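# Secondary and tertiary structure notes
Next come the chains, spelled out residue by residue.
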Amino acid sequence: MRSKKKTQYYNMMEYNTKRNNLIIREYGRNIQKLVEQCVAIEDRTERTRTAYAIVRIMSDVVNSKETSNETSRNNDDFWNKLWDHLFIMSDYQLDVDAPYPKPVPDTKPKEFVKPSYNNKNRVKFRTYGVNMQNLIHKVSEYPEEVREQFAPSLANHLKMMYLTYNRNSVNDQLIRYQLSELSDGKITLPEDFNFINTKELLNIASANAAFYVTPQAGGKKKKKKKKKKNKTATV
């Protein structure tokens, strides 16, 4: 069982969930409390005197984190910034005779601007990547005769790229559809067109992969010598 003294002690404790949010974390909780108490002072003269004292404490906090203390204290912009922070921490409710004009809160709603690169180079089919998509789009801008010449090579290349991710099965009709989608319907295949068979395309893909593999330094790997077990002599 908790004693009465411990219960009273826990009831007097302040938890962060019950406190106001820190507006400017640089100055800490205690200075924000001083600002809140300053706002509650009814006498204007006493409230102004307290505000000056709080600004002086704020300058000590800032200068303790900087190396050039004297130069910053002699700078007029330094004190103007402190008074601005004082008004901001009071949620612009502090009414005192300040040496600087009171800042105006920004009431404009913040607009979220979507980055333009999100819509740029949007990939329709990730299997083929953006480079293949751009290539097909470029070919689709050529005259019809040129598009017909490139269509078989593009179709077979799409099938080969598809097989690198799906080696078990591939549907030729799907490749036809995707080629048409990537070219906005400008590149089509004739009905009697026959794709290169899957086995041959896989062999081509393997040959291309082996061509780009760089040989390891040192040539052939040395075979590890097996250690011979010592046979115990029989008497």
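Going by the structure above, here's the rest.
Residues numbered from 1 in each chain as written. Predicted model: local features only at pLDDT ≥ 70, side-chain atom pairs only at ≥ 80, totals over all residues. Heavy atoms only, no water.

## What to know about the packing of aromatic side chains
Heads up, the rule is: Aromatic rings from Phe, Tyr and Trp, with only the six-membered ring used for Trp, were paired whenever their centres fell within 6.5 Å, and each pair was classed as stacked if the ring planes differed by under 30 degrees, edge-to-face if by over 60, and tilted otherwise. Each helix is a run of H or I in the DSSP string that is no shorter than four residues. Each strand is a run of E no shorter than two, and both are numbered from the N terminus. Relative accessibility decides the category of a residue: with a 1.4 Å probe and only protein chains considered, values under 20% of the type maximum give buried, values over 50% give exposed, and everything between is partly exposed.
Considering all chains together, one arrives at 6 aromatic pairs under this definition. A ring pair is formed by Trp83 and Phe87, whose centres lie 6.3 Å apart and whose planes are at 40°; its orientation type is tilted. Note that Trp83 and Phe87 are positioned in helix 5 (residues 76-89) at a spacing of 4 residues, about one turn of the helix. Each member of the pair Trp83 and Phe87 is classed as buried. Ring centres of Phe125 and Tyr128 lie 6.3 Å apart, and the angle between their planes is 75°; this geometry places the pair in the edge-to-face category. Note on accessibility: Phe125 and Tyr128 belong to one class, buried.

## What about the side chain of Gln32?
Under the convention used in this document: The contact criterion used is simple: two residues touch if any of their non-hydrogen atoms lie within 4.5 Å.
Considering the arrangement of structural elements, one finds Gln32 in helix 2 (residues 28-40). Looking at Gln32, the relative accessible area reads 2%, which means it is buried. Each residue touching Gln32, except ones within four places of it in the same chain, is listed here: Asn20, Asn21, Leu22, Ile23 and Ile24.

## Quick word on the nonpolar core
As a rule of thumb, nonpolar side chains are buried together in soluble globular proteins. Quick reminder of the rule: Here, nonpolar core means buried Ala, Val, Leu, Ile, Met, Phe, Trp, Tyr and Cys residues that are tied together by side-chain atoms lying within 4.5 Å of each other.
The biggest cluster of nonpolar side chains holds 20 residues, and the ones touching the most others in it are Tyr27, Met58, Leu82, Trp83 and Leu86. Those elements that place two or more of their residues in this core are helix 2, helix 3 (44-64) and helix 5. With 7 residues, helix 5 is the largest single contributor of residues to this core. In terms of nonpolar packing, the next biggest core, distinct from the first, is built from 18 residues, Phe125, Met132, Ile136 and Ala151 among them.

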